[in-house]
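Summary of the model geometry
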Amino acid sequence: MFRFKQFTIHQDLCSMKVGTDGVLLGAWAGTGLSPRRILDIGTGTGLIAIMMAQRFPAAEVVGVDIDSVEEARRNGDESPWGDRLEFGQCPVQEFHAEESFDLIVSNPPFFVDSLLPPDEGRSRVRHTLTLSFEDLCRAACRLLNPGGRFAVVLPLTESEQFLRSAVGSFVLCRRTVVRTTPRRPPKRVLLELERFTPDLKVRPPDESLLSIGTGRHEEYTGEYRALTGDFYLKF
């Protein structure tokens, strides 16, 4: 299990364990917004959905996954926000909700062209075998309110392909490039897109750069501490 300041994530059953990518997205997505309904696509352990519930006290949060959500339900029920969390097992291509969402988040499959790892469960989660970028963008566009936001975390190399898949449905409004230390090249990028409408006023996206560590052993930057400080025990 992985302990955060206000909740614990059990992860014995889930193929994908708690990682920096999910924590980054959960702490970053929707900054400055006040969403009423949030959807987490590919929820896994429920980590990002639970982080959303902590950050947005007025929001109802739904998590869906093609794989079992038993562990996500347990983690949600044991968190302080279980009454605002709901999880369902369903491919997002087939998922329908009575009400649309103001914010959708996803730590989606990636490594599109890489060799598949030997573990089948991990392979299905980490590669676009069951959910292509095109399918993900179509589902998010269908499920979002007009003007709603869609946030993802991706490897930098896959982000351009993802943005091509989003053309016509979304407009990029925020982009944060992430590197492990100032001397390392960027490896990840956080993207937040707004659902396109004919009356949308397109502006240049807010661009930023985030370094996780300073380069010294176990020393983190002030920016990373500020972003994740409400969650990690070490901060």
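Whatever comes next refers back to the structure up there.
What comes next is a walk through the structure. (Residues numbered from 1 in each chain as written. Predicted model: local features only at pLDDT ≥ 70, side-chain atom pairs only at ≥ 80, totals over all residues. Heavy atoms only, no water.)

1. Some words on the overall build of the protein
Stated precisely, the cut-off is as follows: Going along the chain from the N terminus, every DSSP run of H or I of four or more residues is numbered as a helix, and every run of E of two or more is numbered as a strand. It is over C-alpha atoms that the radius of gyration is taken, and the globule rule equals 2.2 Å times the number of residues to the power 0.38. Burial classes: relative accessible area under 20% of the type maximum marks a residue as buried, over 50% as exposed, and values in between as partly exposed (1.4 Å probe, protein chains only). Reported accessibility uses the Shrake-Rupley method at a 1.4 Å probe radius. Residues are deemed covered only where the shown protein chains occlude them.
Across its full length, the protein holds seven helices and ten strands. Computed over C-alpha atoms, the radius of gyration of the protein comes to 17 Å, within 12% of the 18 Å expected from 2.2 N^0.38 for 235 residues, which places it in the range of a compact globule. Across the 235 residues of the protein, 53% fall into the buried class. A total of about 11600 Å² of accessible surface is found on the protein, and carbon and sulfur atoms cover 48% of it.

2. Let's talk about the side chain of Thr-8
For the record, the criterion: Pairs of N or O atoms within 3.5 Å make up the polar contacts considered here, provided that, within protein, one atom can donate a hydrogen while the other can accept it, and that residues adjacent in sequence are counted only when both atoms are side-chain atoms. Contacts: residue pairs with any heavy atoms within 4.5 Å of one another.
On the secondary structure map, Thr-8 appears in strand S2 (residues 8-9). Among the polar contacts made by the side chain of Thr-8, one reaches the side chain of Arg-3 at a distance of 3.5 Å. Sequence-distant contacts of Thr-8, defined by excluding residues within four places in its chain, comprise Met-1, Phe-2, Arg-3 and Asn-75.

3. Here's the deal with the environment of Ser-15
Following the sequence through the fold, Ser-15 ends up in the loop between S2 and helix H1 (20-28). A relative accessible area of 31% places Ser-15 in the partly exposed class.

4. Side note on the environment of Asn-107
Along the chain, the position of Asn-107 falls in the loop between strand S6 (101-106) and helix H4 (120-126). Asn-107 gets classed as partly exposed once you look at its relative accessible area, which sits at 22%. The spatial distance from the C-alpha of Asn-107 to the C-alpha of Gly-44 is 9.5 Å, given a sequence separation of 63 residues.

5. With respect to the pattern of salt bridges
Note the cut-off: Should a side-chain nitrogen of Lys or Arg be within 4 Å of a carboxyl oxygen of Asp or Glu, the pair is scored as a salt bridge.
Per the stated rule, a full pass over the model turns up ten salt bridges. Across the salt bridge formed by Arg-36 and Glu-99, the nearest N and O atoms sit 3.0 Å from each other. Placement of the pair is Arg-36 in the loop between H1 and strand S3 (37-41) and Glu-99 in the loop between strand S5 (85-89) and S6, with a sequence separation of 63 residues. Of the residues examined, Arg-36 reaches a relative accessible area of 43% and is grouped as partly exposed. Residues Glu-219 and Arg-216 are paired through a salt bridge, measuring 4.0 Å at the closest nitrogen-oxygen approach. According to the relative accessible area criterion, Arg-216 is exposed, its value standing at 61%.

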